[in-house]
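What follows is each chain in one-letter form.
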Amino acid sequence: MKLFKNKAFIGVLCLVLAALISFLLIPRFFAQQKATELIPRANTEIEAGTTITADMLSPAETGSYGLSDRILRDADSIVGMVAAETIHDGESFWKASLLTADDYALANEAQTKGLENGLCLVTVKCPTASAGVAGVLRSGCRVDVFSCTENMDDNSYETTKALANMYVYDVLNSNFESLDKLDEAAEKVIDGETNTNFNFDPTYVVIRCTEEQAATLITLERSEALHLTLQRTEG
């Protein structure tokens, strides 16, 4: 205790600490600030939806001090990815700005509902149980559309395939509830729970199609000649 009360000792201790800070800590701090590394950056304007290729990247010397972990440092982790948003010339590549081709397709599908290149959604009412394929139909299914007309001369029926390989966007019951959503709700029901009343009877089918195909579907629906056949369950 007497030693720590000695002013000379305290002065020497302060000088030693100051020397350590000046000659060890401060140089190391500035060395870290001056440290650089090569980071891939865009050398051109990259539009959203573009698959990144090696010729779109150029290495750029960047200060490594304080560099975010969200910035991609390896060109191999960038090439082949899809730009989720526009990446400007000279910008670094952030993890959140890139997606795999499959993830981008899913994100684009959710955002646009697949309504690109002149496609639209049309809702048709199922006139019979067979039109709804007995409740089996769900979103993502592919169906063929048949027309069935009666020949009044001999009371015979003529069935013709009007449309093929149509994408089912959704199937709704009479309350306009999605059967996919009801499937999810039913799976969450606790065993033994009785206060459930799910209506799985298909009433409306939402189909993604061109405007010309929509006109055909509407005509068949109005004439009550529309029938659907399930071709496959995943589009």
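Up top is the structure these notes are about.
Residues numbered from 1 in each chain as written. Predicted model: local features only at pLDDT ≥ 70, side-chain atom pairs only at ≥ 80, totals over all residues. Heavy atoms only, no water.

Caption draft 1: Layout of the pattern of salt bridges. Taken as a whole and judged by the stated rule, the model has two salt bridges. Between Lys-161 and Asp-144 there is a salt bridge whose closest N-O contact spans 3.2 Å. Highlighted residues: Lys-161 in strand 7 (residues 156-172) and Asp-144 in strand 6 (residues 142-151), separated in sequence by 17 residues. With relative accessibility at 46%, the residue Lys-161 sits in the partly exposed group. According to the relative accessible area criterion, Asp-144 is buried, its value standing at 6%. (Salt bridge = Lys/Arg side-chain N within 4 Å of Asp/Glu carboxyl O. Helix = DSSP H or I, 4+ residues; strand = E, 2+ residues; numbered from the N terminus. Buried < 20%, exposed > 50% of the residue type's maximum accessible area, 1.4 Å probe, protein only.)

Caption draft 2: Structural view of the sheet that holds strand 7. The strand order 5-8-7-6-9 describes an open sheet built from five strands, whose pairing is antiparallel. Because the sheet does not close on itself, it has two edges, and the strands there are strand 5 (119-125) and strand 9 (226-232). Strand after strand, the sheet turns through a mean of 45 degrees between neighbouring axes, direction not considered. Examined bridge by bridge, strand 5 and strand 8 (residues 204-210) share seven bridges and lie antiparallel to one another. Across the sheet, the residue bridging to Leu-119 is Thr-210, located in strand 8. (Pairing = 2+ DSSP bridges. Axes fitted to C-alpha atoms, helices over the stretch in contact; angles between N-to-C directions.)

Caption draft 3: Highlighting the packing of aromatic side chains. Throughout the structure, instances matching the rule amount to two aromatic pairs. With a centroid separation of 4.7 Å and 10 degrees between ring planes, the pair formed by Phe-176 and Tyr-204 is classed as stacked. With Phe-176 in the loop between strand 7 and helix 4 (179-187) and Tyr-204 in strand 8, this pair connects stretches of sequence that are 28 residues apart. We classify Phe-176 as exposed; its relative accessible area is 55%. Tyr-204 gets classed as buried once you look at its relative accessible area, which sits at 16%. (Phe/Tyr/Trp six-rings, centres within 6.5 Å; stacked < 30°, edge-to-face > 60°.)

Caption draft 4: Looking closely at unusual backbone geometry. In this structure, Asn-165 is a non-glycine residue whose phi angle is positive, near 55 degrees. Following the sequence through the fold, Asn-165 ends up in strand 7. In the Ramachandran plot, Phe-176 falls in the positive-phi region, its phi being about 60 degrees despite a non-glycine side chain.

Caption draft 5: Just the nonpolar core, in detail. By size, the foremost hydrophobic cluster in this structure holds 23 residues, and its most contacted members are Leu-137, Val-145, Val-205, Ile-207, Cys-209 and Leu-217. Residue contributions to this core peak at four residues, all from strand 7. Not counting residues within four places of it along the chain, the set of residues in contact with Ile-207 comprises Cys-120, Leu-121, Val-122, Val-124, Met-166, Tyr-167, Tyr-169 and Leu-217. Ranked by size, the runner-up nonpolar core spans 11 residues in total, among them Met-56, Leu-72, Ile-87 and Phe-93. (Core = buried A, V, L, I, M, F, W, Y, C linked by side-chain atoms within 4.5 Å. Contact = heavy atoms within 4.5 Å.)

Caption draft 6: Representation of a nonpolar patch on the surface. A cluster of nonpolar side chains, Leu-115, Leu-119 and Leu-121, forms an exposed patch at the surface whose accessible area comes to about 190 Å². One can find Leu-119 in strand 5. On the basis of relative accessibility, which here comes to 31%, the residue Leu-119 falls in the partly exposed class. (Patch = residues over 30% accessible without salt bridge, like charges linked within 9 Å, V, L, I, M, F, W, Y side chains within 5 Å. Areas by Shrake-Rupley, 256 points an atom, 1.4 Å probe, with all protein chains shown as cover.)

Caption draft 7: How the structure looks around the side chain of Asp-144. Here Gln-231 takes part through its side chain, which lies 3.2 Å from a polar atom of the side chain of Asp-144. Once residues lying within four places of it in the same chain are set aside, the contact partners of Asp-144 are Lys-161, Leu-163, Ala-164, Asn-165, His-227, Leu-228, Thr-229 and Gln-231. (Polar contact = N/O pair within 3.5 Å; in protein donor to acceptor, adjacent residues only side chain to side chain.)

Caption draft 8: Region of interest: the environment of Leu-163. Position of Leu-163 among the secondary structure elements: in strand 7. Looking at Leu-163, the relative accessible area reads 10%, which means it is buried. In the structure, Leu-163 is positioned 18 residues away from Val-145 in sequence and 4.9 Å away in space, judged by C-alpha atoms.

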